[in-house]
Structures are given as structure tokens and as C-alpha cells.
Amino acid sequence: MQVFRILLFVFTALTIISLCHLFVLRTFIRAFPLIDEKQTDLLYFIVGLVAFLMPLSMPIVKFFPNFLSRTAFLAAAYWMALFFNLFFLTLFGWLVSQLASLVGREVPTSAVLLLVALLSLGVTAFGLLKAAYPEVRHFTIEMENLPKEWQGKKIVHLSDLHLGHILGNRFMSYVANKVAEQNPALVVVTGDLFDGLGGDFLSYVPAINELKAEKGVFMVVGNHEVYTKESSMALALPKTNLQILDNKIVEIDGLQLFGVGFPGLSGEKGKAVMEYFRANLDKNKPTILLQHLPTSMKQKGNNSAERHNSTYWYPDTNFELNRSLGVDLQLSGHTHAGQFFPFGHLAQKIYGGFDCNLHTLGDFQIFISGGTGTFGPPIRTAGRSEIVVFTLKTKS
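Parameters and conventions
Residues numbered from 1 in each chain as written. Predicted model: local features only at pLDDT ≥ 70, side-chain atom pairs only at ≥ 80, totals over all residues. Heavy atoms only, no water. Helix = DSSP H or I, 4+ residues; strand = E, 2+ residues; numbered from the N terminus. Rg over C-alpha atoms; globule rule 2.2 N^0.38 Å. Buried < 20%, exposed > 50% of the residue type's maximum accessible area, 1.4 Å probe, protein only. Contact = heavy atoms within 4.5 Å. Areas by Shrake-Rupley, 256 points an atom, 1.4 Å probe, with all protein chains shown as cover. Axes fitted to C-alpha atoms, helices over the stretch in contact; angles between N-to-C directions. Left-handed = near helix turned anticlockwise from the far one by under 90°. Nonpolar A, V, L, I, M, F, W, Y, C, P; charged D, E, K, R; others polar. Phe/Tyr/Trp six-rings, centres within 6.5 Å; stacked < 30°, edge-to-face > 60°. Pairing = 2+ DSSP bridges. Salt bridge = Lys/Arg side-chain N within 4 Å of Asp/Glu carboxyl O. Expected span 1.5 Å × (residues − 1). Bend = angle between axes of the 7 residues up to and from the residue.

### Here's the deal with the overall build of the protein chain
Step number 1: Across its full length, the protein chain carries 12 helices and 12 strands.
Step number 2: In summary, the protein chain has a C-alpha radius of gyration of 23 Å against a globular reference of 21 Å for 396 residues, a match within 12%.
Step number 3: With the C-alpha coordinates of the protein chain rotated into their principal frame, the extents come out at 75 × 50 × 45 Å.
Step number 4: Burial status across the protein chain gives 50% buried among its 396 residues.
Step number 5: Long-range pairs, those at least 24 residues apart, make up 80% of the contacts in the protein chain with a sequence separation of at least 6.
Step number 6: Carbon and sulfur atoms make up 63% of the accessible area of the protein chain, which amounts to about 19,000 Å² in all.

In C-alpha cells form, the structure reads like this:
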């Protein structure tokens, strides 16, 4: 089933990306025609190869990691970072030209496309910087019955770092230094610390262990940890100072912290975990839930196909079950806030508005991180990479 999904993804991605490249190329050739027909044919061939590079390099670097596959993947990732912007700006420029023609106005297409090219480079450079240097965001969270040991204390929330072939030790150390500046009592990572396409995971352990907090560093796994079958990841995690909290509860100075591993609770095992939560969580104590998905902790669906669709396309953002356990604050990630324009709008629609930022539903609050890192092209044109700092306060 996984092989079929990968092949379907590659085929679909190849088709869409190839058509987008063809549109951009034809638009520019019409505005700047080449004299030699052979040059035009060669250009089509080169652009065709480039279009195929990203969707093909992803499974190749995952299953056959080596210098050549990593180099191809890096080249493809940075090209796609530029091409996303080039395509949408070219499409916008083309629409402007067509509308102008309809009303009898002539717009110099070559000038429009030169502007498109310059804007694409500028937006891409800005997006690369937004991704490379996560923004530190601050929020105050009020909780009832907050112990004095937690009054004014800080919790740092990281999610979706995607350490792998693109983001590695330098990025992790940068994030750890920013976290240290906050002097947090607690650091939590809500999944996708590692990238599903692989990487030298063991080499990231020293940088990960730069994450330090007074009361500990905790993590729940995300879809990329679950889907990654590399033995190096299984060897790397136990060597870190991260405490994995999947389907477990810890109490730290009167604050309850518990986690639900990806993809959520289902079947008999899920029922047993839910019974464990109900029996051991005290609703009179402040409680924080860590879960990669910004959804109910229970998966919808009666079989694997239905559960897969509910995870990615029809998520359950009714948080009644989570609230029934007395959860004061849920911390999640996964969505990347879309990462690229216009996918931010798609993420917002899929998750019913619970795609990023802080939301309050009565006594229940949920924060969805837009991600500390990036997946695929290391660029942000939707949202910004973020390190989130919560200061706890007794509810007045």
C-alpha cells in the first residue's frame, strides 16, 4: 500500500509540475522568442528534466541516499522554492495581459514578464530567510489552579523541525540557542523532529541535546517519525535528552502533561489508552496535551483507508473528547500553516480554521504551530517558521 501511494504521489506530482513548467516556458518563449528552433527544442528538453527532478528525487533520496541523490534533491528543492513563486506570478502576469487585451489595452508582455522574474527572485530570497530564521513568538496562557511553581514560568513549543537532508546541525543549533535565550521551564516538541525523506539522524544528536529546560524536554512523534523506517532514527532518539510521551502521562510540580502519538487513538489499543487517561488524569489540575495533529485524539474511520482520509483530508476538529479529559491547553503542529502560497488557504479549509495560531473554546485552548522547520523546499511564503514561547499565569 505504501509503495502504491508513493507511485501515485510521484505520477500526480510529475503531471502537475510538468504542466506548470510547460505553461511558464511557453509564456516566456512567446514574449522572448528564440531565433533558432533547435535552441527552443533544447530549452524544452532541459525544462522537462528540471520539472521531473523534484518528484523523482524525493523517493530516490529516501530509498537510495548517497552523494548524487542528495545533491539532486537539494538542487530540486531550491529550484522548486523559486518555481512556486515564478509560476504563480507568471500566471498573474498572464491574466493581467489577457484582461487588458479584452478591454482594448495593450500591455507589453516582455516588460510584465521581466517584472515577474525579478519579483520571483525577490519573494524567493525573502521566503528563504523567513524559513532559515524562525520567529520567536510570545503568548500568555491562563490556567485555573496553576501551582505557584509554574507561575510566570515559560514553556517553549517546537514542531516540525524536519531535520534531514536540508535542515541539519546548523539549523538545530540555531533553534537551541534561541530556546536557551528564553530560559524555559519546559520544552515540548510536537512531532516531525526528523524528516521522512531521511538524513544522517545520528549526527544530529549533539545539536538536539543542546535543547535544555529546567523541568525537561518532551516529545510526541509525528507522521514523519512513524513513516520513516530508517534504523538510524530508531538509534538516534534514545541518545537524545528527549522524553517520548506517546500515550503517557507525567506530572511535573502539579502540572499534568500527556501525549498522543501519531496518528491518534483507534481500535482496542486506543480504547485501552483512553481508559488509562480517564483513570489517571485529574481534572482539578492544569493539563497540557501534546499531539502532532490539531484534531481530536481519537481517529475517525472503521478501517485504515477511512482513518487515512480522516487524518489528511477530513480531520475531526471537534475537540469535545479532548476537552472531556480536562485539557486546558493542546499543543499541535503538522499543518506548516500551508508553508507556500496559496496552500495556506487549503490548510485553513481542511482544518476548519485550526491550521495555525491560538484558539480558545471556553476553558479549552489549542495552539497550532506553523512549524519551526520546513518540508521539501526550504521556503516560507505562507506564515513564518516559529519558536513559540508560552508564559503561564493563574486564571483570574
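### Section: the packing of helix α3 (residues 67-102) against helix α4 (residues 109-132)
Step number 1: The N-to-C vectors of α3 and α4 enclose an angle of 145°; their axes lie 8 Å apart at closest approach. Considering the relative orientation of α3 and α4, their crossing is right-handed. Residue-level contacts link Tyr-78, Ala-81, Leu-82, Asn-85, Leu-86, Leu-89, Thr-90, Gly-93 and Ser-97 of α3 to Thr-109, Val-112, Leu-113, Val-116, Leu-119, Ser-120, Leu-121, Val-123, Thr-124 and Leu-128 of α4.
Step number 2: Residues of the contact of α3 with α4, tallied by class, amount to 12 nonpolar, 7 polar and no charged.

### Examining the packing of aromatic side chains
Step number 1: A full pass over the atoms with the stated rule returns 22 aromatic pairs.
Step number 2: With a centroid separation of 6.1 Å and an interplanar angle of 85°, the aromatic rings of Phe-23 and Trp-94 are classed as edge-to-face. Taken as a pair, Phe-23 in helix α1 (residues 2-31) and Trp-94 in helix α3 lie far apart in primary sequence, 71 residues in all.
Step number 3: Note on Trp-94: relative accessible area 34%, which makes it partly exposed.
Step number 4: With 6.0 Å between their ring centres and 85° between their planes, Phe-84 and Phe-343 make a pair best called edge-to-face. Here Phe-84, found in helix α3, pairs with Phe-343, found in helix α12 (residues 343-350); they are 259 residues apart in sequence, far enough to count as distant.
Step number 5: On the basis of relative accessible area, Phe-84 is assigned to the buried category, the value being 19%.
Step number 6: Using a relative accessible area of 32% as the deciding quantity, one classes Phe-343 as partly exposed.

### Comments concerning the sheet that holds strand β6 (residues 248-252)
By definition, the strands of a sheet pair up through backbone hydrogen bonds, in either a parallel or an antiparallel sense.
Step number 1: Read across the sheet, 6 strands follow the order β6-β7-β8-β9-β11-β10 without closing on themselves; strand pairing throughout is mixed. Where the open sheet ends on each side, the last strands, each with one partner, are β6 and β10 (357-361). Neighbour to neighbour, the strand axes of the sheet diverge by 20° on average, direction disregarded.
Step number 2: Packed on one face of the sheet, helix α9 (residues 267-280) meets β6 and β7 (255-260) and runs near 20° to β6.

### What to know about the pattern of salt bridges
Step number 1: Scanning the model with the defined rule gives 11 salt bridges in all.
Step number 2: Here the residues in one salt-bridge network are Lys-153, Glu-214, Lys-215 and Asp-253, joined through shared partners.

### Here we look at helix α2 (residues 37-63)
Along an α-helix, residues three or four apart share an orientation, since each turn contains 3.6 residues.
Step number 1: With 27 residues, α2 should reach 39 Å at 1.5 Å per residue; the first-to-last C-alpha distance of 39 Å fits that figure.
Step number 2: Where α2 bends most, at Leu-53, the angle is about 40°, and the proline Pro-55 comes one to four residues later.
Step number 3: Looking at α2, one finds that the buried residues are Thr-40, Val-47, Ala-51, Met-54, Pro-55, Ser-57, Met-58, Pro-59, Val-61 and Lys-62.

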